Every structure is written in C-alpha cells, then in structure tokens.
Amino acid sequence: MSRAARGPRIVFWRHGQTSWNLESRFQGSTDIPLTEQGLEQARRAARLLAGLRPDLLISSDLQRARDTAAELAKVTGLAVDHHEGLRETYAGEWQGLTNAEIRARFPEQYEAWAQGEPVRRGGGELATEVADRSVPVVLDAIEKLPEDGTLVVVSHGGTIRTMLGRMLELDAVHWERFGGLSNCCWSVLGQGARGWRLLEHNAGTLPQPVIGDET
C-alpha cells in the first residue's frame, strides 16, 4: 500500500494466534491471551505496518488484541486507545466450544448461520449489532486523523468483517463474502470519490491458514 495515495487509510489488523485458535474453539468475547507464536506474529507484523507510518492506533480491549497492538506501539511510539466496542462478537453458549461441538449441540442454529440467515449464535449478538457498536469507534477515530492520515484498528476476525461490510455499504447478507483474516494479517480501506474502497484484504507477506472463529 502506497502512502503516496491521497485520502485517509484504515488498516484493520487481526490479533495474533491464541491457543483457542489452534484448538478450533470459538473465542468470541472470551479473553484469551496470545501464544508465544502469536506474540512473534505480532512483532513481525508490527515491523511491516510501521513502514506505513500510522498516525493513530486503536484496539479492542481484549488481551489478545491489546498485546498485538502493544507491539506496534513499541516500534512507532504511538499511544493505544482501547475500546470495548471493538471486541469480537459475543456468541453466548458457542464460546469455548470447538467447531465440531457447535455443530453437534446447535445443528439447526449452525445450519441457519451457514446459510447466511441472521442468527444470534449461542444467544449472542447479530453481525449487524457488532457493526453498530464497532463502526462508530472507527469513524470517531478517523475524525482525529491528520489529512491523508493512516489509522490502525486492532480487532478480531468477525468484527473486522462486519466493519468492512458496513463501511463499504454492503447489505449484511453479503458480509460473509469476505474471506477470513489469518492471524496478524490485515485489510485496508481507502477513501475515494464515491466513499470507502477495499484496497487490500488478508494482507501479509505470505499466505497463512485462517484459523479461528470464522472457520
């Protein structure tokens, strides 16, 4: 991504690996820390993202996002503003279960979600409700950017998907068309004459498997 391009940029950065990612457990809003590999992913990605000369850094207040954001703060000197609104989707009874356990215990709910129906997974939040709480946090931060500035948002795979969909003005039924983000990879929005545009998705240096709540 060229910083020479005009207009604000938003980098949506997913947190590093956790043990629940590796176990295919749905994390949701459960506060799970990074693994050592996750910390190393964050350090490596932070060195790359620092090259974009970000102006502002905001993060979910969950530990896995906080610790990821902290690595970028170390190499840029930026302060981090933490926000509950950037947390991962709350998924009630699904949280802590593996994908296989969810399919076995909630087959009808899982199938409806897989078919694109608006579902309160485990009795939790709808995707549109996640966008309702997260997007205003981002829009408020954008107002604080300098001209042509870059904002880095450290969040979670599911929440980033909802923010991308809402900010690109897509109907919620189409949000699942965004592929999942690998740990510590990012997507970039830039503002054009007709609104926000997707410039990069699941970016890093080499493709990595997507493991986590969105698989």
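Every chain is numbered independently, its residues counted from 1 as its sequence is written. In view of the model being predicted, local features appear only for residues whose pLDDT reaches at least 70, and side-chain atom pairs are presented and counted only at 80 or more, with totals across whole chains, interfaces and linings using the full set of residues. Side-chain measures here rest on the full set of heavy atoms in the structure, leaving out hydrogens and waters.

1. Section: the overall build of the chain
Logical step 1: If you tally the helices and strands in the chain, you get 7 helices and 6 strands.
Logical step 2: Reading the secondary structure of the chain in the N-to-C direction produces β-α-α-β-α-β-α-α-α-β-α-β-β.
Logical step 3: We compute the radius of gyration from the C-alpha atoms alone; for a globule the expected value is 2.2 Å times N to the 0.38, where N is the number of residues. The C-alpha radius of gyration of the chain comes to 16 Å, within 12% of the 17 Å expected for a compact globule of 215 residues.
Logical step 4: With the principal axes as the frame, the chain shows a C-alpha extent of 50 × 40 × 30 Å.
Logical step 5: Relative accessible area decides the class of each residue, using a 1.4 Å probe on protein chains only: under 20% of the type maximum gives buried, over 50% gives exposed, and in between gives partly exposed. Considering the chain as a whole, with its 215 residues, one finds that 52% of them fall into the buried category.
Logical step 6: Entry remark: accessible area of the chain is about 10000 Å², with carbon and sulfur atoms responsible for 48%.
Logical step 7: Charge assignment: positive for Lys and Arg, negative for Asp and Glu; neither His nor the chain ends contribute. Throughout, a charge is located at the NZ atom of Lys, the CZ atom of Arg, the CG atom of Asp or the CD atom of Glu. On the chain, the mean spot of the 24 positive side-chain charges and the mean spot of the 29 negative ones are 5 Å from each other. For helices the rule is a DSSP run of H or I covering at least 4 residues; for strands it is a run of E covering at least 2, with both sets numbered from the N terminus onward. Working definition of accessibility: Shrake-Rupley area with a 1.4 Å probe, residue cover restricted to the visible protein chains.

2. So, the pattern of salt bridges
Logical step 1: Put simply, a salt bridge is a Lys or Arg side-chain nitrogen that is within 4 Å of an Asp or Glu carboxyl oxygen. In total, this model carries 11 salt bridges according to the counting rule given.
Logical step 2: For R25, the salt bridge goes to E23, with nearest N and O atoms at 2.9 Å.
Logical step 3: Residue classification places R25 among the partly exposed residues on the basis of a relative accessible area of 24%.
Logical step 4: You can call E23 partly exposed: its relative accessible area is 41%.
Logical step 5: In this structure, R43 engages E40 in a salt bridge whose closest nitrogen and oxygen atoms are separated by 3.6 Å. Note that R43 and E40 are positioned in helix α2 (residues 36-50) at a spacing of 3 residues, about one turn of the helix.
Logical step 6: You can call R43 partly exposed: its relative accessible area is 32%.
Logical step 7: Connected via shared salt-bridge partners are E40, R43, E71 and K74.

3. Some words on the packing of α2 against helix α3 (residues 63-76)
Logical step 1: At their nearest, the axes of α2 and α3 sit 8 Å apart, and the two run at 40 degrees to each other. It follows that α2 is oblique to α3 by the angle criterion. α3 is crossed by α2, and the crossing has right-handed handedness. When α2 is examined against α3, the residues L39, A42, R43, A46, L49 and A50 are found in contact with a partner set consisting of D67, T68, E71, L72, V75 and T76.
Logical step 2: Amino acid classes used here: Ala, Val, Leu, Ile, Met, Phe, Trp, Tyr, Cys and Pro are nonpolar; Asp, Glu, Lys and Arg are charged; the rest, including Gly, are polar. Partitioning the contact of α2 with α3 into residue classes produces 7 nonpolar, 2 polar and 3 charged. An axis is simply a line fitted to the C-alpha atoms; with a helix, the fit covers only the stretch in contact. Between two such axes, the angle follows the N-to-C directions and lies from 0 to 180 degrees. Roughly parallel means an angle under 35 degrees; roughly antiparallel, over 145; roughly perpendicular, 65 to 115; everything else is oblique. Crossing handedness is defined as follows: a turn of the near helix away from the far one that is anticlockwise and smaller than a right angle gives a left-handed crossing, while the clockwise case is right-handed. Contact criterion: two residues are considered in contact whenever any of their non-hydrogen atoms come within 4.5 Å of each other.

4. Some remarks on the sheet that holds strand β5 (residues 186-192)
Logical step 1: Should DSSP find at least two bridges between two strands, the strands are regarded as paired. Read across the sheet, 6 strands follow the order β3-β2-β4-β1-β5-β6 without closing on themselves; strand pairing throughout is mixed. Looking at strand neighbours, the two that pair on one side only are β3 (80-83) and β6 (195-203), the edges of this open sheet. Geometrically, the sheet is characterised by an average inter-axis angle of 20 degrees between neighbouring strands, direction not taken into account.
Logical step 2: Packing against the sheet, α3 makes contact with β1 (9-14), β2 (56-60), β3 and β4 (150-155), and its axis sits at approximately 165 degrees to β2.
Logical step 3: Along the sheet, helix α7 (residues 157-167) makes contact with β1, β4, β5 and β6, crossing β1 at roughly 155 degrees.

5. Examining the layout of surface pockets
Logical step 1: Lining residues are defined by having an atom within 4 Å of a point belonging to a cavity or pocket. Those points lie on a 1 Å grid over the protein atoms alone, cavities being sets where a 1.4 Å probe fits but cannot get out and pockets being open sets with protein on both sides within 12 Å along at least five of seven lines. Grid points are joined across faces, edges and corners, and a volume is the space filled by probe spheres set on the points. For the largest pocket, the calculated volume is near 340 Å³.
Logical step 2: For the lining of the largest pocket, the secondary-structure elements that each account for two or more residues are α6 (127-142) and α7.
Logical step 3: For the lining of the largest pocket, the residue count by class is 9 nonpolar, 5 polar and 6 charged.

6. With respect to the pairing of β2
Logical step 1: β2 sits mainly inside the fold: 5 of its 5 residues count as buried.
Logical step 2: Relative to β4, β2 runs parallel, the two sharing 4 bridges. Its bridge partner being in β4, I58 is matched across the sheet by V153.
Logical step 3: Note: β2 against β3, 4 bridges, orientation parallel.

7. Focus: the side chain of S59
Logical step 1: Its location among the elements puts S59 in strand β2.
Logical step 2: Relative accessible area serves as the criterion here: at 0%, S59 is assigned to the buried category.

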